[in-house]
Amino acid sequence: MKTGYERAVAADPRLRALADLVTALCQFVRPADTMCGGCAWENLVKPLATPLIGWERGYRPEPAKDPTPDGGWRLYTSRDLTAALEAAERERTPASTATEQWLRTSQAWDAYCGELIRRLNDADPAHGHGICRYGRTPALSREAS
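Peer 1: Looking at this model, I keep getting lost on the packing of helix α2 (residues 13-27) against helix α6 (residues 106-123). Mind explaining?
Peer 2: In helix packing, the relevant descriptors are the interaxial angle and the interaxial distance, both defined with respect to the helix axes. One way to put it is that α2 packs onto α6 with a least axis distance of 9 Å and a crossing angle of 10°. Regarding the angle of α2 to α6, the classification is roughly parallel. Between α2 and α6, the contacting residues are L15, L18, A19, V22, T23, L25 and C26 on the first element and Y112, L116, R119, L120 and A123 on the second. Residue composition of the contact of α2 with α6, grouped by class: 10 nonpolar, 1 polar and 1 charged.

As structure tokens, this is what we get:
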């Protein structure tokens, strides 16, 4: 019987590609590097996984928005937010199979992402925070070059 992770990877080639990316990332870590598994998850993997598995799956990507001329904030009313949610739901790709329905659940998210997080944390040499050479921050690395 397949695990939830295996089921997800078999169902969508994009999830396999993301898992392969995590595997490559973990293999590139050297003992002297400071790869924080949590930072890699939060800044690299999670943004890629979010539209592919769990509650966000099936929604169309939002087009990039132009900046407002004054650079100010826009206030939204609850009516605006409700209308946007209803419009997104109308455009959402229907879940037509049992596997697609499952891929949109928290259970699928936990099974797939839990395995990726475990791999990242196992590769973390526990030297510090961030992905960079040990003892150097990304800001210092940019300044040096």
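Peer 1: Explain the packing of helix α1 (residues 4-11) against α6 to me, please; I cannot follow it from the model alone.
Peer 2: It is at 7 Å that the axes of α1 and α6 come closest, and there the two elements cross at 105°. Overall, the two elements α1 and α6 adopt an arrangement that is roughly perpendicular. Note on element contacts: α6 touches α1 through A111, Y112, E115, L116 and R119, opposite G4, Y5, A8 and V9. Of the residues belonging to the contact of α1 with α6, the class tally is 6 nonpolar, 1 polar and 2 charged.

Peer 1: Hey, could you run me through the pattern of salt bridges in this one?
Peer 2: Pairing of side chains with opposite charge becomes possible as their charged atoms draw close. Summed over the entire model, instances satisfying the criterion amount to 10 salt bridges. Put simply, R119 and E115 hold a salt bridge, and the shortest N to O gap is 3.0 Å. With R119 and E115 both in helix α6 and 4 residues apart, the pair spans about one turn of that helix. Among the charged side chains, a network of salt bridges with common partners joins D12, R14, R57, E100 and R104.

Peer 1: Please explain α6 as it appears in this structure.
Peer 2: The α-helix winds at 3.6 residues per turn, so residues separated by three or four positions along the chain end up facing the same way. If you check α6, its first and last C-alpha atoms are 25 Å apart, about what 18 residues at 1.5 Å a residue would give, namely 26 Å. Taken as a whole, α6 has its buried residues at A108, Y112, C113, E115, L116, L120 and A123. Packed against the buried residues of α6 are α1, α2, α3 (37-49) and α5 (98-103).

Reading the values: the criteria
- Residues numbered from 1 in each chain as written.
- Predicted model: local features only at pLDDT ≥ 70, side-chain atom pairs only at ≥ 80, totals over all residues.
- Heavy atoms only, no water.
- Axes fitted to C-alpha atoms, helices over the stretch in contact; angles between N-to-C directions.
- Helix = DSSP H or I, 4+ residues; strand = E, 2+ residues; numbered from the N terminus.
- Parallel < 35°, antiparallel > 145°, perpendicular 65-115°, else oblique.
- Contact = heavy atoms within 4.5 Å.
- Nonpolar A, V, L, I, M, F, W, Y, C, P; charged D, E, K, R; others polar.
- Salt bridge = Lys/Arg side-chain N within 4 Å of Asp/Glu carboxyl O.
- Expected span 1.5 Å × (residues − 1).
- Buried < 20%, exposed > 50% of the residue type's maximum accessible area, 1.4 Å probe, protein only.

These values are about where atoms sit, not about what they do.
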